[in-house]
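# Structure assessment
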Amino acid sequence: MNYQLKGLGIDFDEFCRKQIVYGTITERRYETGLLRKDGKPGFNTPSGKVELYSERLKELGQDPLPSHKESCESPVATPELARDYPYILIGGSRHIASFNTAGHNLPWLRELLPHPVIEIHPDTAAELGIAENDWVWIETPRGNGRIRQKAHLSFGIHPRVVHAQSLWWYPEESDKEKSWYEPNINTVMSWDEPYDPICGATLLKGGLCRIYRAD
């Protein structure tokens, strides 16, 4: 924690006494040396400039230029799997009524967002017999079980993609299965390999899933 606070010039004990620490807004910070650890003007990169070619990534054996790499699980990479799990799942979206898991237990915020929502293209929903506000089951090939969210139909999403909200729980439920596991998209995500080679993240977005109406 002291390492994280080092940039503010305080330690954890002082942070606890202050409780709130306000930063200063400096225009054109890159010209003042505030972004570089060596105190020199410029961005905190080896060159001090905005880098499209990353020397740091090159040193790590990664592609120094922006590039696309197909997901380990997709209609292109795993077409046989996509026959049973035909939709690409985006998991992890937030809503203004909550911050991560916080806010679901506050009545005035639950009025804004009473249930977890999965966004589906209307054409896809019509194929599956799903209407606005229907409950929908979501399953993935890498997770355990299934979770349930309410359908919201939107033309703003691709017909082969669904978009599920994350970090949901029902504080009013005493049963752990209904409270934590039923609404939470993380339940059907896997924390196993493969991991992102640069940051070590697991597959949270861009994996495959299947959805169907919860009768």
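Here, residues in each chain are numbered from 1, in the same order as that chain's written sequence. This being a predicted model, a pLDDT of at least 70 is required before a residue's local features are given, and a value of 80 or more before pairs of side-chain atoms are given or counted; all residues contribute to the totals for chains, interfaces and linings. Hydrogens are left out, water is left out, and the side-chain values use all remaining heavy atoms of the structure.

## Comments concerning the overall build of the protein chain
Put simply, the test is: The helix and strand labels rest on DSSP assignments: H or I over at least four residues marks a helix, E over at least two residues marks a strand, and numbering proceeds from the N terminus. Any two residues whose heavy atoms approach within 4.5 Å at even a single point are treated as in contact. Only the protein chains shown count as cover for residues, and the accessible areas themselves come from Shrake-Rupley with a 1.4 Å probe. Positive charges are assigned to Lys and Arg, negative charges to Asp and Glu, while His and the chain termini are left out of the count. To locate a charge, the coordinates of NZ of Lys, CZ of Arg, CG of Asp or CD of Glu are taken.
Across its full length, the protein chain holds seven helices and six strands. Of the regular secondary structure in the protein chain, the N- to C-terminal order runs α-α-α-α-β-α-β-α-β-β-β-α-β. Projected onto the principal axes, the alpha-carbon positions of the protein chain cover approximately 60 × 45 × 30 Å. For the protein chain, contacts bridging at least 24 residues in sequence account for 61% of all contacts bridging at least 6. For the protein chain, the computed accessible surface area is about 14200 Å², with 54% contributed by carbon and sulfur atoms. Charged side chains in the protein chain number 25 positive and 30 negative. The centres of these two groups are separated by 5 Å.

## Some details on the environment of Arg-160
Heads up, the rule is: Counting of polar contacts relies on pairs of N or O atoms within 3.5 Å, with two restrictions inside protein: one atom must be capable of donating a hydrogen and the other of accepting it, and residues adjacent in sequence are counted only when both atoms are side-chain atoms.
Within the secondary structure, Arg-160 sits in the loop between β4 (147-153) and β5 (161-165). In this structure, the C-alpha to C-alpha distance between Arg-160 and His-121, residues 39 residues apart in sequence, is 8.0 Å. With residues near it in sequence (within four places) discarded, Arg-160 still touches Pro-86, Tyr-87, Ile-88, Thr-124 and Glu-127. At 3.2 Å, the side chain of Arg-160 and the side chain of Glu-127 are in polar contact.

## A few points about the confidence of the model for the protein chain
Our working rule: Confidence of the predictor at the level of single residues is captured by pLDDT, which takes values from 0 to 100.
Averaged over every residue, the pLDDT of the protein chain is 87; the share at 70 or more is 96%. Helix α1 (residues 2-5) is the least confidently modelled element of the protein chain, averaging 72 in pLDDT, while helix α6 (residues 122-128) averages 98, the highest of any element.

## Side note on the pairing of strand β3 (residues 135-139)
Filter applied, for reference: Buried residues are those whose accessible area, probed at 1.4 Å on protein chains only, stays under 20% of the maximum for their type, while exposed residues exceed 50% and partly exposed ones sit between those limits. Pairs of strands are assigned from DSSP output, requiring at least two bridges between the strands.
When you tally the buried positions in β3, you get five out of five residues, the bulk of the element. For β3 and strand β6 (residues 205-213), the ladder comprises four bridges, and the chain directions are antiparallel. By the bridge assignment for β6, Ile-138 is matched with Ile-211.

## Considering empty space enclosed by the protein
Short version of the rule: With a 1 Å grid spanning the protein atoms alone, the term cavity applies to any set of points in which a 1.4 Å probe fits but cannot get out, the term pocket to an open set with protein on both sides within 12 Å along at least five of seven lines, and the term lining residue to any residue with an atom within 4 Å of a point. Grid points are joined across faces, edges and corners, and a volume is the space filled by probe spheres set on the points. By the convention adopted, Pro, Cys, Tyr, Trp, Phe, Met, Ile, Leu, Val and Ala count as nonpolar, Lys, Arg, Asp and Glu as charged, and the other residues, Gly among them, as polar.
Inspection of every chain in the model, using the stated rule, returns two cavities of 30 Å³ or more. Looking at the largest cavity, its volume works out to about 80 Å³. Contributing to the lining of the largest cavity are Glu-73, Leu-89, Thr-140, Arg-142, Gly-143, Val-188, Met-189, Ser-190, Leu-203, Leu-204, Gly-207 and Leu-208. Counted by class, the lining of the largest cavity contains six nonpolar, four polar and two charged residues. Each pocket or cavity is described by its volume, and for the second largest cavity that value is around 50 Å³. Ser-93, Arg-94, His-95, Ser-98, Asn-100, Leu-113, Gln-165, Ser-166, Leu-167 and Trp-168 are the residues that line the second largest cavity.

## Section: the packing of aromatic side chains
The condition that has to hold: We call Phe, Tyr and Trp rings a pair once their centres come within 6.5 Å, taking the six-membered ring for Trp, and we label the pair stacked below 30 degrees between planes, edge-to-face above 60, and tilted otherwise. Here, over-ring charges are defined by two tests on the NZ atom of lysine or the CZ atom of arginine: distance to the ring centre within 6 Å, and angle to the ring normal within 35 degrees.
Evaluation of the coordinates by the stated rule reveals three aromatic pairs. Seen in terms of ring centroids, Trp-169 and Trp-180 are 5.2 Å apart; in terms of plane orientation they differ by 10°. Their pairing is stacked. Taken together, the positions of Trp-169 in the loop between β5 and α7 (176-181) and Trp-180 in helix α7 put the pair 11 residues apart, joining distant regions of the chain. The residue whose ring lies beneath Arg-146 is Trp-137, and the NZ or CZ to ring-centre distance is 3.7 Å.

## With respect to unusual backbone geometry
Look at the link from Glu-193 to Pro-194: it is a cis peptide, with omega at 5°. Relative to the assigned elements, Pro-194 resides in the loop between α7 and β6. In this structure, Asn-100 takes a positive phi of about 55° despite not being glycine. Position of Asn-100 relative to the elements: it lies in the loop between β1 (87-93) and α5 (107-112). The exposure class assigned to Asn-100 is partly exposed, which follows from its relative accessible area of 30%.

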